[in-house]
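One-letter residues, chain by chain:
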Amino acid sequence: MDPSALADAFDTWVDDALIWVSDHGAFLFDGLRAAFEGFYDGVLTLLTLPPWPVIAVILGLIGWRLIDLRFGILTAIGLAICWTMGLWPETMSTFALVISSTCLALAIGLPIGVLAGLSPKLDRAVEPLLDLIQTMPPYIYLLPAIALLGYGPATALMATLIVAMPPAIRLTSLGIRRTPNEFVELGQATGMTNAQMFFKIRLPFALPSIMAGINQCLMMAFGMVVIAGIVGSGGLGETIYKAIRTLDIAKSIDAAIAIVILTIVIDRLTQTIVRTGKGKP
């Protein structure tokens, strides 16, 4: 059989399957879209309801508490710069997208990671799928999401949570598997139930690895929400996309600076939590 004909047949099958899923599962995807957008709107409301100085001060105080006074002041100044550039709504929209997608990714990824850590068979089955997700170009996940959910924040959330899940699953599974055998044997010898073994032995040992997975999940989400600006997700990603289309170099640089500020703030905070467990005593 001609290879090109085989490729055409496969492409046709994929298109037909996507159309069939979209037609027969419309009620499911409409509900999923409503749930995603409702969650995102709730997070965005919490971030935009207070005046910008309140959010800047709160994050500055968190930075002071977790790291030091210098970082807290720089955090507040960095967020003030975002407001000065006229990008405060876009910055908070991006922040809301990151928080929403990370929460959804962790809600799915952490339980899978725990089960994979406890079951070597499941871990071996999940590993190739995670490799596939992380190998594919991130923007490829926007295409089926657009077909099933349309344009908007829901599509961005769907694509972002897919990209952000693998680090959480991998590092959670790794942390669970690396529980020292002598402690597991000690728990068994003292008559612990499986639940007690998990919460009192496995989880404390796995917590640093899990926290590292959460940090990586956040960073993957940041990278993806910028790409997701193509699908009208709002935020700084869409600002950059529109600036590229109109060759507005200054605006794209402003948005890039805002992304860098927001990324550094969240990355430093989460890294500190990972290293110390709870931040500065």
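The coordinates are above.
Read on for a plain summary of the structure.

### Looking at helix H6 (residues 120-135)
Inference 1: With 16 residues, H6 extends 23 Å between its outermost C-alpha atoms, agreeing within 8% with the 22 Å of an ideal straight helix rising 1.5 Å per residue.
Inference 2: Within H6, the axis deviates most sharply at Val-126, by approximately 25°, and proline Pro-128 lies no more than four positions further along.
Inference 3: Within H6, the full set of buried residues consists of Asp-123, Val-126, Leu-130 and Ile-133.
Inference 4: Structurally, H6 contributes buried residues whose contacts are with helix H5 (88-118) and helix H8 (153-177).

### Some remarks on the layout of surface pockets
Inference 1: Estimates place the volume of the largest pocket at around 220 Å³.
Inference 2: Every element with two or more residues in the lining of the largest pocket is listed here: helix H3 (52-66) and helix H12 (249-276).
Inference 3: For the lining of the largest pocket, the residue count by class is 10 nonpolar, 1 polar and no charged.
Inference 4: Taken as a whole, the second largest pocket holds about 180 Å³ of empty space.
Inference 5: Every residue along the wall of the second largest pocket is listed here: Ile-67, Asp-68, Arg-70, Phe-71, Leu-74, Thr-75, Gly-78, Val-260, Ile-261, Ile-264, Val-265 and Arg-268.
Inference 6: Secondary structure elements with two or more residues in the lining of the second largest pocket: helix H4 (69-84) and H12.
Inference 7: Residues of the lining of the second largest pocket, tallied by class, amount to 7 nonpolar, 2 polar and 3 charged.

The rules behind the values
Residues numbered from 1 in each chain as written. Predicted model: local features only at pLDDT ≥ 70, side-chain atom pairs only at ≥ 80, totals over all residues. Heavy atoms only, no water. Helix = DSSP H or I, 4+ residues; strand = E, 2+ residues; numbered from the N terminus. Expected span 1.5 Å × (residues − 1). Bend = angle between axes of the 7 residues up to and from the residue. Buried < 20%, exposed > 50% of the residue type's maximum accessible area, 1.4 Å probe, protein only. Contact = heavy atoms within 4.5 Å. 1 Å grid on protein atoms, 1.4 Å probe; cavity = no way out; pocket = protein on both sides within 12 Å on 5 of 7 lines; lining within 4 Å. Points joined across faces, edges and corners; volume = space filled by probe spheres on them. Nonpolar A, V, L, I, M, F, W, Y, C, P; charged D, E, K, R; others polar.

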